[in-house]
Amino acid sequence: MSQDIIEAPLGATAERQAVVRATGGAPDKDWVIVTRGIKREYDMGGEIVRALRGVDLAIQRNEYVAIMGPSGSGKSTLMNVIGCLDTPNDGEYWLNGTRVSSMSEDELARVRNKEIGFVFQTFNLLPRATALHNVELPLVYAGVSGVERKRRAREALERVQLGSRVDHRPNELSGGQRQRVAIARALVNNPSILLADEPTGNLDSTTSEEIMRVFESLASEGQTVIMVTHEPDIAAHARRVVVLRDGLVASDERQSAFMEQLRRGGV
Amino acid sequence: MSFIEAIRLALQQIWVQKLKSFFTLLGVMIGVTFLIAVVSIVGGMSKYMSEQLVGKVIAINSFELRRTPKINFHGDEETQRELRRRPEVRIEDIAPVVAALSPGTRWAAYAANGFNVESRYVNKPKPASFFGVTDQYFEIKRMEPAKGRLFAPQEYVNAGNVIVIGDEIATYYFPSVDPIGRELIIKGAPYTVVGVMEKQGSAFGRSFDQFVMAPMNSPLGRLKTPHGALNSIMVQTPSRDGMIAEMQAVREVMRTRRHLRPSQKDNFELETSESALEFWNKIKSYLVVAGVALPAIGLVVGAIVIMNIMLVAVAERTREIGIRKSLGARRRDIMSQFLVESATLSTVGAALGVATGFAFAKLISMVSPLPAAVELWSVFLGVGIGAGVGVIAGVYPASQASRLDPITALRAE
Ligand SMILES: Nc1ncnc2c1ncn2[C@@H]1O[C@H](COP(=O)(O)OP(=O)(O)OP(=O)(O)O)[C@@H](O)[C@H]1O
Ligand SMILES: [Mg+2]
């Protein structure tokens, strides 16, 4: 395990220190996410698929991080672990200084509700509910009363320029609009991190740009964003790029260095 | 998630799949329909029995000394033979029976039979029940004249040719004239109508308004009891407790008069409204058992159907469950969502069942002499049972749903 930490290529010494320090106790509050040796394996009828083989990652508040890597490298698995949707087989995970690994199911539900906003490639909206109701859902589970809920949901939809589409159902909206509803839903409870797994994967390039501008502006407002993407030009929006390969962090670079590497054709 | 929210969601779900929901509800609906219909009819009959039929026939806090019971549903031959062998209650019994009563106790004797009445005003004679009564009869039966008056004391003593008549007799013979002071001819002799009694109503198609009453000593009264046989000596006490004591006193007098040994059973009847209701209570208990068993089958079938539908719903909506969990729904949120949905589904079915049950009961009471009474508590019972069945049927599917792993559920298609 300790070998993993040393070998794990952390981009900056600060990140490495955060991970190493976390061994003893809770990391600094400034670190929204700290993972140490995260492993996720699937037993496919005798054959073990190792999706994550010991991921160390530390992400600070207000960072805008892109996660890249080839298909099957474990990006989605990592996002699901970070989003508390999936439980790792091994390793530790601190969210805002709290150890997630030891949380009960109800506490995990609370974290998903309050701390995490998840944007999926396939939108994952309730098909029969209106945009407004979809955005209201996290507030429903947070126990926010009806009037307050509607107000905040409307506000979130306005933030993604969908104030005029509140009563539309998903099938009455374009792909880009659906993804914006999903973003509004992810944001409505003011999460500490916004996770997006290939949010533009189902969209054409024009719409993708539009969605990226939404993330861009959220990040510039100080929202912590972690986004999985295949497209280098989309990753170019992010200020830090983590590359996964075979379930391990292959590189973790600040954008300036990464851009250079890109120019040299290194990724 | 709030309860109202959950119900709203459930109703929405039901509305989206109207037809499927309807079939799901059918079992519960039929069960509750039966329940309500049976409860309404049994309740209606009970009320009718105690208030209308028995109450009319036997006055409150009173008993009647009779040869055989007035309301007789004993089927077996043995009992019938025993009843036929009994001696008549006779005019001569009045004095000793009355002597045994405490002061302040009312009593009245009457003899009744059917005759034809003739009249100057209407040619076709109409059959009527004739009653020769003693003076406290009307008080005990709480019968008041609607027109005219009751018999005066001396008319009981002097045996005047006076009668009071029932509402139906009055309207039949005197459709356009005031019957008071006019005559009816019975067995060739004229009688003057002094009063028309208030309408008494009917029970099981039998009218209580086809009577002609005269003082017992009148020629008509004597005509009625050629051999001195009486239908009944009625005794009414101020309270229910007093009635038991008076009954005991009358029983002893009669047993002595008839020289009954202690081993022998009474060969006369002391009938109260409760004893008349006994047979009905027996029938009622069978009806209630049937009224519970039949709906229970419907409800069990309904519960199984709802459980299946809910299991299908959980399978179909796995992705929805995944989405909800990813947004922070706890196990108990998902559990209550499906439980409420199942309970709402079932309660809607029960509510429809209540409505159809009442309609059914109403229909039965319209096409048959069975009366129906809509009881408010049966509405609550029906709806409550509906909700209960829904919750029971929903527990397993709902717990299956709540146990789903978020990421597995999200991947479902
Ligand atoms: N539920 C599962 N059961 C079995 N194996 C799985 C499961 N989920 C993921 N895997 C495997 O884990 C590995 C990582 O999958 P993951 O979805 O994280 O990759 P990814 O980087 O997101 O790929 P892509 O870019 O194609 O989305 C893959 O080999 C995949 O086959
Ligand atoms: Mg993926």
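How each quantity is defined
Residues numbered from 1 in each chain as written. Chains lettered and ligands numbered in written order. Predicted model: local features only at pLDDT ≥ 70, side-chain atom pairs only at ≥ 80, totals over all residues. Heavy atoms only, no water. Helix = DSSP H or I, 4+ residues; strand = E, 2+ residues; numbered from the N terminus. Contact = heavy atoms within 4.5 Å. Areas by Shrake-Rupley, 256 points an atom, 1.4 Å probe, with all protein chains shown as cover. Buried < 20%, exposed > 50% of the residue type's maximum accessible area, 1.4 Å probe, protein only. Polar contact = N/O pair within 3.5 Å; in protein donor to acceptor, adjacent residues only side chain to side chain. Near = heavy atom within 4 Å. Nonpolar A, V, L, I, M, F, W, Y, C, P; charged D, E, K, R; others polar. Buried area = accessible area lost by both parts, 1.4 Å probe. Salt bridge = Lys/Arg side-chain N within 4 Å of Asp/Glu carboxyl O. Expected span 1.5 Å × (residues − 1). Arc of directions from axis to C-beta. Core = buried A, V, L, I, M, F, W, Y, C linked by side-chain atoms within 4.5 Å.

Peer 1: What's the story with the overall build of chain A in this structure? I'm lost.
Peer 2: Of the regular secondary structure elements, chain A holds 10 helices and 10 strands. Counting contacts in chain A only where the partners sit at least 6 residues apart, residues at least 24 apart contribute 69% of the total. Counting only carbon and sulfur atoms, one obtains 45% of the accessible surface of chain A, whose full area is about 11,400 Å².

Peer 1: Which parts of the structure should I look at to understand the side chain of aspartate 266 of chain B?
Peer 2: Residue and element names in this part refer to chain B. The topology assignment puts aspartate 266 in the loop between α9 (240-257) and β14 (269-272). Aspartate 266 gets classed as buried once you look at its relative accessible area, which sits at 19%. A polar atom in the side chain of aspartate 266 sits 2.8 Å from the side chain of arginine 251. A polar atom in the side chain of aspartate 266 sits 2.6 Å from the side chain of arginine 255.

Peer 1: Help me understand the site of ligand 1 in this model?
Peer 2: By nearness alone, 15 residues border ligand 1, and Ser71, Gly72, Lys75, Ser76 and Thr77 of chain A come closest of all. The environment around ligand 1 is built from residues contributed by chains A and B. A distance of 2.9 Å separates an oxygen atom of ligand 1 from a polar backbone atom of glycine 72 of chain A. Within the contact set of ligand 1, an oxygen atom lies 3.3 Å away from a backbone nitrogen or oxygen of serine 73 of chain A. In the complex, the protein chains occlude 69% of the 630 Å² of accessible area that ligand 1 would expose alone. Elements represented by at least two residues in the shell around ligand 1 include exactly β1 (31-44), β2 (47-60) and α3 (75-82) of chain A. With 3 residues, the top contributor of residues to the shell around ligand 1 is α3 of chain A. Residue classes in the shell around ligand 1 are distributed as 5 nonpolar, 7 polar and 3 charged.

Peer 1: Explanation requested: the environment of asparagine 281 of chain B in the structure shown.
Peer 2: All names here are of chain B. Checked against the element boundaries, asparagine 281 lands in helix α10 (residues 273-316). Using a relative accessible area of 40% as the deciding quantity, one classes asparagine 281 as partly exposed. Each C-alpha atom of the pair asparagine 281 and methionine 49 lies 9.8 Å from the other, and the pair is 232 residues apart in sequence.

Peer 1: Would you take a moment to explain the interface of chain B and chain A for this structure?
Peer 2: One widely used convention gives an interface's size as the accessible area the parts lose upon coming together. Between chain B and chain A, the residue contacts involve 26 residues of the former and 22 residues of the latter. Of the roughly 2,200 Å² buried between chain B and chain A on both sides combined, carbon and sulfur atoms contribute 52%. The largest contributions to the chain B side of the interface with chain A come from Ile323, Leu327 and Ile407 of chain B, which together make up 26% of the buried area. Summed over the shared surface of chain B and chain A, the result is 2 salt bridges. Taking the shortest distance from any N to any O, the salt bridge between aspartate 106 of chain A and arginine 332 of chain B comes out at 2.5 Å. Our count for the chain B to chain A interface comes out at 7 residue pairs in polar contact (both at pLDDT 80 or more). Looking at the side of chain B that touches chain A, the elements with two or more residues in it are α1 (3-16), α11 (318-326), α12 (331-367) and α14 (406-411) of chain B. Among the residues forming the side of chain B that touches chain A, the class breakdown is 9 nonpolar, 5 polar and 12 charged.

Peer 1: I keep staring at helix α8 (residues 205-220) of chain A and nothing clicks. Help me out?
Peer 2: One turn of the α-helix equals 3.6 residues, which is why residues spaced by three or four share an orientation. Residue and element names in this part refer to chain A. Counted at 1.5 Å a residue, the expected span for α8 with its 16 residues is 22 Å, and the 22 Å between its end C-alpha atoms agrees. Along α8, the residues that are buried comprise Thr207, Ser208, Ile211, Met212, Val214, Phe215, Leu218 and Ala219. One side of α8 carries all its buried residues, which in axial view fall inside an arc of 150°. Set apart from the buried face of α8 by more than 90 degrees, the exposed residues are Ser205, Thr206, Arg213 and Ser220. Taking the backbone nitrogen of threonine 206 as reference, a side-chain oxygen 3.2 Å away marks aspartate 204 as the first, capping residue of α8. In the segment just after α8, glycine 222 is the residue with positive phi, at about 105°.

Peer 1: Which parts of the structure should I look at to understand the nonpolar core?
Peer 2: Membership of the largest hydrophobic core comes to 62 residues, with the highest contact counts inside it found for Ile33, Tyr93 and Leu95 of chain A. For this core, the element with the most residues is α12 of chain B, which contributes 7 residues. Those residues in contact with leucine 95 of chain A, other than ones at most four positions away along the chain, are Val32, Ile33, Val100, Val111, Glu115, Ile116 and Ile193 of chain A. In this structure, Met68, Val135, Val188 and Ala235 of chain A belong to the second largest nonpolar core, which totals 41 residues.

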